[in-house]
Amino acid sequence: MSTNIIFMRNSIFGRLKKDNNQEIDKTPISRDDRVLWVKSLQKIAFPVLDNLKNNKLKKVMPYESINPENEKFSYLEAFSRLFCGIAPWLELGPDETTEGKIRENFIDSTIKCLKNIVDINSPDNIIFKEPKQSLVDAAFLAQALLRSKNEIWFKLSIDTQSKLIKELKSTRTITPYENSWLLFTSMIEATLLEFTGECDFNRLNYGISKFKDEWYVGDGVYKDGDTFRYDYYSSFVIHPMLIDILIVMRKYNVEDNGFLDIELKRASRYAAELERMISPEGTYPVIGMSMSYRTGVFHLLAQASLLKILPKNITPSQVRAALTLIIKNQFEGDQNFDKDGWLKIGFNGSQLDISESNINTGSLYLCSTVFLPLGLSFNDPFWSDPSAEWTNLKAWNGHEIDSDKFIDF
């Protein structure tokens, strides 16, 4: 693995000075931040992509779970969730920089992986239509393809494209639960609409209408179905999928596409709440289900940065600074990886008891969604602006800070 890690280790947070207060040096060294992000992404992604592109994923990937029955789903989970997080970065395409050459290798590996999972003669062929869990990660795969249309979808062979479309359509036999699972069917149909010009509009619209009309709690937060649970599912799944689905619906003028305008405001508000959850030390509350997704908690905050829908009182550079410290805390060390580089179930270490019965080794790769802002070029203010204090760091340092206000859309 070391030969695949091109970036050298940097002292990223030497700029965090601690006198009486922890303050950020205003020197713009955000290149180091991006180095850390790409290096961490490589560390997480390498075992999945390298083994799958070489038809060895099922042979090599470990299986860890409190439920022995989910192993058959874990391979699609690992690849689809990882792909979902790295897709915007891949969409930048190759270039002559060191990072651009790394990205070119990732693009090539991802294309080979997609070919293998739909090749019936491949040891790593994956069945999409086996109820019900496969629906979830067929949707993450579809979302990833939407996020990397030019560099991945258009570069696939016609044969691989046809097989992927067939597999996505095969999930129509799966009836989703009446909660965020409805967005999995909607995401698949939105992707089919984008790539084929047709879809099942009932499956596309039903979940959207539920979140638009029935399951919004207020202040940027959704219920995951009829019951409200205090967790991060508005970020793990709900807001990110609603946004990507509604963008396609807007493009094709599908009924209810006007909901996109409201959803972007709701998402912006929830992104602000996620930013306020990041402590001065780069930690965040362990609340609710699926905490072994780790940095997947910040899927929406990362997406809001990518799409430039952060609220005006939150700068991209303060989000970058906060997320950089979180990424450093969770992935620079080896506490969350086994001896072969695979993610271990836990939050910060091996902590099997924190997981639910649906969690397995493959599930953990939703953590990669924190890397969505890598889809912004280095010249974007997210990367080029000097580091700034995030809300909690600013508050605990006694610096001027805006009050938080309830907002309902």
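Located above this text is the structure these notes cover.
What counts as what
- By convention here, each chain's residues receive numbers from 1 onward along its written sequence.
- Since the coordinates come from a predicted model, pLDDT governs what is reported: local features require at least 70, and pairs of side-chain atoms require 80 or more to be given and counted, while whole-chain, interface and lining totals use all residues.
- No hydrogens and no water enter the side-chain calculation; it runs on all heavy atoms of the structure.
- Here a helix means four or more residues in a row that DSSP labels H or I, a strand means two or more in a row labelled E, and each is numbered from the N terminus.
- Every helix has an expected span of 1.5 Å times one less than the residues it contains.
- Burial classes: relative accessible area under 20% of the type maximum marks a residue as buried, over 50% as exposed, and values in between as partly exposed (1.4 Å probe, protein chains only).
- Contacts are assigned to residue pairs that have any heavy atoms within 4.5 Å of one another.
- Here a polar contact is taken to be a pair of N or O atoms separated by no more than 3.5 Å, where protein atoms must pair a possible hydrogen donor with a possible acceptor and residues adjacent in sequence count only if both atoms sit in side chains.
- Axes here refer to lines fitted to C-alpha atoms; in helices the fit is confined to the stretch in contact. Angles between the N-to-C directions go from 0 to 180 degrees.
- Here the angle decides the label: under 35 degrees means roughly parallel, over 145 means roughly antiparallel, 65 to 115 means roughly perpendicular, and every other value means oblique.
- The hand of a helix crossing depends on one turn: near helix anticlockwise from the far one by less than a right angle means left-handed, and clockwise means right-handed.
- Under this grouping Gly is polar, as are all residues other than the nonpolar Ala, Val, Leu, Ile, Met, Phe, Trp, Tyr, Cys and Pro and the charged Asp, Glu, Lys and Arg.
- When the centres of two rings from Phe, Tyr and Trp lie within 6.5 Å, Trp using its six-membered ring, the rings pair. Their planes under 30 degrees apart give stacked, over 60 give edge-to-face, and anything left gives tilted.
- Should the NZ of a Lys or the CZ of an Arg lie within 6 Å of a ring centre and within 35 degrees of the ring normal, that charge is described as sitting over the ring.

1. Describing helix α8 (residues 201-213)
The first and last C-alpha atoms of α8 sit 18 Å apart over 13 residues, in line with the 18 Å expected at 1.5 Å per residue. Those residues of α8 that sit buried are Arg203, Leu204, Asn205, Gly207, Ile208, Lys210 and Phe211. Of the surrounding secondary structure, the elements contacted by the buried residues of α8 are α7 (181-196), β3 (216-218), β4 (221-222), α9 (233-251) and α10 (259-276). The opening residue of α8, the one whose side-chain oxygen lies 3.0 Å from the backbone nitrogen of Asn202, is Asp200.

2. Details of the packing of helix α5 (residues 133-147) against α7
Look at α5 against α7: their axes get within 8 Å of each other, and the N-to-C directions meet at 40°. Taken together, the axis directions place α5 and α7 in an arrangement best described as oblique. Considering the relative orientation of α5 and α7, their crossing is left-handed. In this structure, α5 contributes Gln133, Leu135, Val136, Ala138, Ala139, Ala142, Gln143, Leu145 and Leu146 to the contact, and α7 contributes Trp181, Phe184, Thr185, Met187, Ile188, Thr191, Glu194 and Phe195. Residues that form the contact of α5 with α7 fall into these classes: twelve nonpolar, four polar and one charged.

3. A look at the packing of aromatic side chains
What the rule picks out here adds up to 19 aromatic pairs. With centroids separated by 5.0 Å and ring planes inclined at 85°, the aromatic side chains of Phe211 and Trp215 adopt a geometry described as edge-to-face. Of the residues examined, Trp215 reaches a relative accessible area of 1% and is grouped as buried. Measuring from ring centre to ring centre gives 5.2 Å for Tyr284 and Phe347, while their planes differ by 75°; the resulting arrangement is edge-to-face. Here Phe347 lies in the loop between α12 (316-332) and α13 (381-384) and Tyr284 lies in the loop between α10 and α11 (299-307), a separation of 63 residues in the sequence. Since its relative accessible area comes to 8%, Tyr284 is described here as buried. Exposure remark for Phe347: the relative accessible area of 14% places this residue in the buried category. Put simply, the rings of Trp37, Phe371, Phe382 and Trp383 pair up and form one aromatic cluster. Here the guanidinium or amino end of Arg34 rests over the ring plane of Trp383, the centre of that ring lying 5.0 Å away.

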